[in-house]
Amino acid sequence: MADGGEFGGAAAKVDEARLWQRHVDMAKLGGTPRGGVRRLALDTNDIAARRLLADWARPYGWQVSMDAIGNLFIRRPGTDNDAEPVLSGSHTDTQPSGGRFDGIYGVLAAFEAMEAIEAAGIRTRRPIETVVWTCEEGGARFPMGTMGSGVFVGRTPLADARAVADYDGVTVGAALDAARTALADLPERPLGFPIAGFVECHIEQGPILEEKGLTIGVVTGIQGARRFRVDVEGADAHAGTTPRARRRDALSAAVAMVSALEALFHDDPGDTVRFTVGRFVVTPNAPAVVPGHVSFTIDFRHPDEAVLTKLGDQVEPICKAHARACTVTVTQTSRGKPITFLDPVPSAVEKAAAGLGLPYLRMNSGAGHDAGPLQLAGPSGMIFVPCEHGISHAEAENATPADLAAGARVLAEALVELAGR
Ligand code: GLV
Ligand code: MN
Ligand code: MN
């Protein structure tokens, strides 16, 4: 073993107050009156979050760089700088009415862990890098999730990602070019490079850890997800004069489709199926007009690939069966298989949690994360901490400073283990 002491030395240097204050500072970038955060991918606040991180890194002399998809890297050198680095991080973007922890916690925990490892005087063999992955939150602004991590690992061609447009027609390419201009001083990092592993801290976003009174989730995998866009085409018509038989009402057809889908997409009492119509856009959305167009999304998740196939393949026939006088187009916008995280990452996380005496549970993730695509580049894994009432993707999202720090302690030890001494 090189210098830096025994197990626990890095964890001991995690500073709970500093980590909390960094969350407070970040929450100002896009902070909402109701205590949440609206920081959409590559908007001015998302760019400001990258700038703030780069400012925090400067006193350490750690190199900050950005790649072609806007992923930001902060690198703490190792004793062998030709060795593949161990990466840790998450995302700075949020849902439109998002919270103060989803995403940013994983970034700040990674940075805190690097600061703690530095303060403990530990020299790791491999470099350790804090990463911000661009646009994790699919559909919050751009309709493509885990975009930055997906491009990094080669799942998504850069050109495909750049062509994606937000709801106002602004492309990722244009937003990236603006981010590049704003952060012109940061060196360009080549897109995609070999890594030794990836660990992501995150609030659980569900109720399990809190209910069981546990501090750490050792995440073993992520359930699969299929997402669809459904476009229902009818015809605009006068609300006062158009007889029922002549209407091609896209809204009533869409409502019939959603009702029929909801009747099928559940598995009570197991309650494992996750089915959500989260976006529903009526056009022209005027009181005196029979709606001629509806566009809605379906987010369907399950841990079992066979169920994803069997149920998910029902979406199109059910929508077609309830189209009434309208036409309907169903487009699958993404499909992610269930993921099992590979050692050495989950075992390093478990060893760290156990070694620090923290009560933990091995568990699967219901939410999607950058750690999913990262598995294509190297072994990845995650550390969950509880969040209040399991609430997330909401302004009410909350977590305690103590739990956030506990997750960062586990991360610091896991990173030391994975980066080697
Ligand atoms: C990511 O935030 C997801 O929707 O799971
Ligand atoms: Mn997240
Ligand atoms: Mn999220």
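Residues numbered from 1 in each chain as written. Chains lettered and ligands numbered in written order. Predicted model: local features only at pLDDT ≥ 70, side-chain atom pairs only at ≥ 80, totals over all residues. Heavy atoms only, no water.

Focus: helix α2 (residues 44–57)
And step 1. With 14 residues, α2 should cover 20 Å at 1.5 Å per step; its first-to-last C-alpha distance of 20 Å lies within 8% of that length.
And step 2. Every buried residue of α2 is listed here: D46, I47, A49, R50, L53, A54, W56 and A57.
And step 3. Where α2 is buried, its residues meet α1 (16–27), β1 (63–66), β2 (72–76), α3 (104–119), β4 (128–132) and α6 (172–182). (Helix = DSSP H or I, 4+ residues; strand = E, 2+ residues; numbered from the N terminus. Expected span 1.5 Å × (residues − 1). Buried < 20%, exposed > 50% of the residue type's maximum accessible area, 1.4 Å probe, protein only. Contact = heavy atoms within 4.5 Å.)

Comments concerning the coordination of the manganese ion (ligand 2)
And step 1. Every protein donor of the manganese ion (ligand 2) is listed here as H91 (NE2), D102 (OD) and H202 (NE2), and their distances to the metal cover 2.0 to 2.2 Å.
And step 2. Here the manganese ion (ligand 2) and the manganese ion (ligand 3) are spaced 3.6 Å apart, and both take D102 as a donor. With D102 in the loop between β3 (86–90) and α3 and H202 in strand β5 (residues 197–203), the pair connects residues that are 100 residues apart, well separated along the chain. (Donors = N, O, S within 2.8 Å, 3.2 Å for Na, K, Ca; no water.)

Some words on the domain arrangement of the chain
And step 1. Domain parsing of the chain yields domain 1 (11–223 + 338–419) and domain 2 (224–336).
And step 2. The interface of domain 1 with domain 2 comprises eight residues on the first partner and twelve residues on the second.
And step 3. Of the roughly 610 Å² buried between domain 1 and domain 2, counting both surfaces, carbon and sulfur atoms make up 50%.
And step 4. Contact with domain 2 buries surface across domain 1, with Y167, Q223 and P338 losing the most and accounting together for 82% of the total.
And step 5. Summed over the shared surface of domain 1 and domain 2, the result is one residue pair in polar contact (both at pLDDT 80 or more).
And step 6. A class-by-class count of the residues in the side of domain 1 that touches domain 2 yields four nonpolar, four polar and no charged. (Domains from an automatic or database assignment. Buried area = accessible area lost by both parts, 1.4 Å probe. Polar contact = N/O pair within 3.5 Å; in protein donor to acceptor, adjacent residues only side chain to side chain. Nonpolar A, V, L, I, M, F, W, Y, C, P; charged D, E, K, R; others polar.)

Looking at the coordination of the manganese ion (ligand 3)
And step 1. Bound to the manganese ion (ligand 3) are the protein donor atoms D102 (OD), E137 (OE), E137 (OE) and H393 (NE2), situated 2.1 to 2.5 Å from the metal.
And step 2. Mapped onto the sequence, the residues coordinating the manganese ion (ligand 3) show the spacing D-x34-E-x255-H.

A few points about the nonpolar core
The nonpolar side chains of a soluble globular protein tend to be buried with one another.
And step 1. Counting 75 residues, the largest nonpolar core has L53, I74, F142, I216 and L411 as its most contacted members.
And step 2. The greatest single-element share of this core, amounting to twelve residues, is contributed by helix α13 (residues 401–419).
And step 3. Those residues within four positions of L411 in sequence are excluded, and the remaining contacts are S88, A109, A110, A113, V199, C201 and I383.
And step 4. Grouped together as the second largest cluster of nonpolar side chains are 27 residues, M257, V258, V294 and F300 included. (Core = buried A, V, L, I, M, F, W, Y, C linked by side-chain atoms within 4.5 Å.)

Details of the side chain of E112
And step 1. Counting through the fold element by element, E112 comes out in helix α3.
And step 2. With a relative accessible area of 1%, E112 lands in the buried category.
And step 3. With sequence-adjacent residues up to four places away left out, E112 is seen in contact with K13, V14, D15, R18, L19 and A408.

Considering the pattern of salt bridges
Close approach of charged atoms allows side chains of opposite charge to pair.
And step 1. According to the stated counting rule, one finds 26 salt bridges in the structure shown.
And step 2. When the shortest N-O distance is used, the salt bridge between E129 and R189 registers 2.9 Å. On the criterion of sequence distance, the pair formed by E129 in strand β4 and R189 in the loop between α6 and β5 is long-range, its members being 60 residues apart. This pair shows no difference in class: E129 is buried, exactly as R189 is.
And step 3. In this structure, the salt-bridge partner of D299 is R301, at a minimum N-O distance of 2.7 Å. Pair check on accessibility: D299 and R301 agree, each one buried. (Salt bridge = Lys/Arg side-chain N within 4 Å of Asp/Glu carboxyl O.)

A word on empty space enclosed by the protein
And step 1. In total, this model carries one cavity of 30 Å³ or more according to the counting rule given.
And step 2. Lining the largest cavity are H23, M26, A27, V37, R39, T94, G99, R100 and I104.
And step 3. Of the residues forming the lining of the largest cavity, the biggest block, three residues, is contributed by α1. (1 Å grid on protein atoms, 1.4 Å probe; cavity = no way out; pocket = protein on both sides within 12 Å on 5 of 7 lines; lining within 4 Å. Points joined across faces, edges and corners; volume = space filled by probe spheres on them.)

Comments concerning unusual backbone geometry
And step 1. Omega for the peptide link from D268 to P269 comes to 5°, which places this bond in the cis form.
And step 2. In this structure, P344 follows D343 across a cis peptide bond, with omega equal to 15°.
And step 3. In this fold, P344 is placed in the loop between β14 (339–340) and α11 (345–355).
And step 4. At D271, a residue that is not glycine, the phi angle is positive and equals roughly 60°.
And step 5. The backbone phi angle of N285 is positive, close to 60°, even though this residue is not glycine.
And step 6. Mapped onto the elements, N285 comes out in the loop between β10 (280–283) and β11 (289–290).

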